[in-house]
Amino acid sequence: MSVWFKKDIVLSDLAELGKGNMGEHLGIEWSALGDSTISARMPVDYRTQQPYGLLHGGASCVLAETLGSVGAALVVDPERFQCVGLDINANHVRSVRSGYVTGVASPLH
């Protein structure tokens, strides 16, 4: 059973959320929408690398914040509520120089 407020939501419905903002600038693409998860991927390229050629920690936080905020927004009535990030803490335990990184988020409550 879907946790999303709009029960008939599909992945293509998220396309507009990524236009004209940080997500578009960094190349974030929505990749999956399950019954209780949302996924997106982000390229590791000139837009998201730090000066040493590794994925920038701030870019990772943008991906996490985007997934968290959109995932939260999808579980509430958009006519009554707006969800935005409040706090973020990140540990970077593995380096990436190219390709894509993928994030998956699940609303908890």
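Located above this text is the structure these notes cover.
Presented here is an overview of the structure given in this document. Since the model is a prediction, treat every value here as computed from it, not as a measurement. Going along each chain's sequence as written, the residues are numbered from 1 onward. With the structure being a predicted model, the display of local features is reserved for residues of pLDDT at least 70 and the display and counting of side-chain atom pairs for 80 or more, all residues being used for whole-chain, interface and lining totals. Side-chain numbers here rest on the full set of heavy atoms in the structure, without hydrogens or water.

Describing the pattern of salt bridges
Pairing between side chains of opposite charge can happen when the charged atoms of each approach one another.
Here comes step 1: The term salt bridge refers to a pairing of a side-chain nitrogen on Lys or Arg with a carboxyl oxygen on Asp or Glu at a separation within 4 Å. If you walk through the whole model with that rule in mind, you get four salt bridges.
Here comes step 2: Two residues, lysine 6 and aspartate 13, come together in a salt bridge whose shortest N-O distance is 3.7 Å.
Here comes step 3: We call a residue buried when its accessible area falls under 20% of the maximum for its residue type, exposed when it is over 50%, and partly exposed in between, using a 1.4 Å probe and counting protein chains only. Under the relative-accessibility criterion, lysine 6 is labelled partly exposed at 41%.
Here comes step 4: Since its relative accessible area comes to 34%, aspartate 13 is described here as partly exposed.
Here comes step 5: The salt bridge involving aspartate 45 is made with arginine 47; its shortest N-O contact spans 2.7 Å.

Structural notes on the pairing of strand E1 (residues 29–33)
Here comes step 1: Both E1 and strand E2 (residues 38–44) contribute to a ladder of four bridges, which runs antiparallel. In the strand pairing of E2, leucine 33 is matched with isoleucine 38. Strands were regarded as paired on the criterion that DSSP finds at least two bridges between them. By definition, any uninterrupted DSSP run of H or I lasting at least four residues is a helix, any uninterrupted run of E lasting at least two residues is a strand, and each is numbered from the N terminus.

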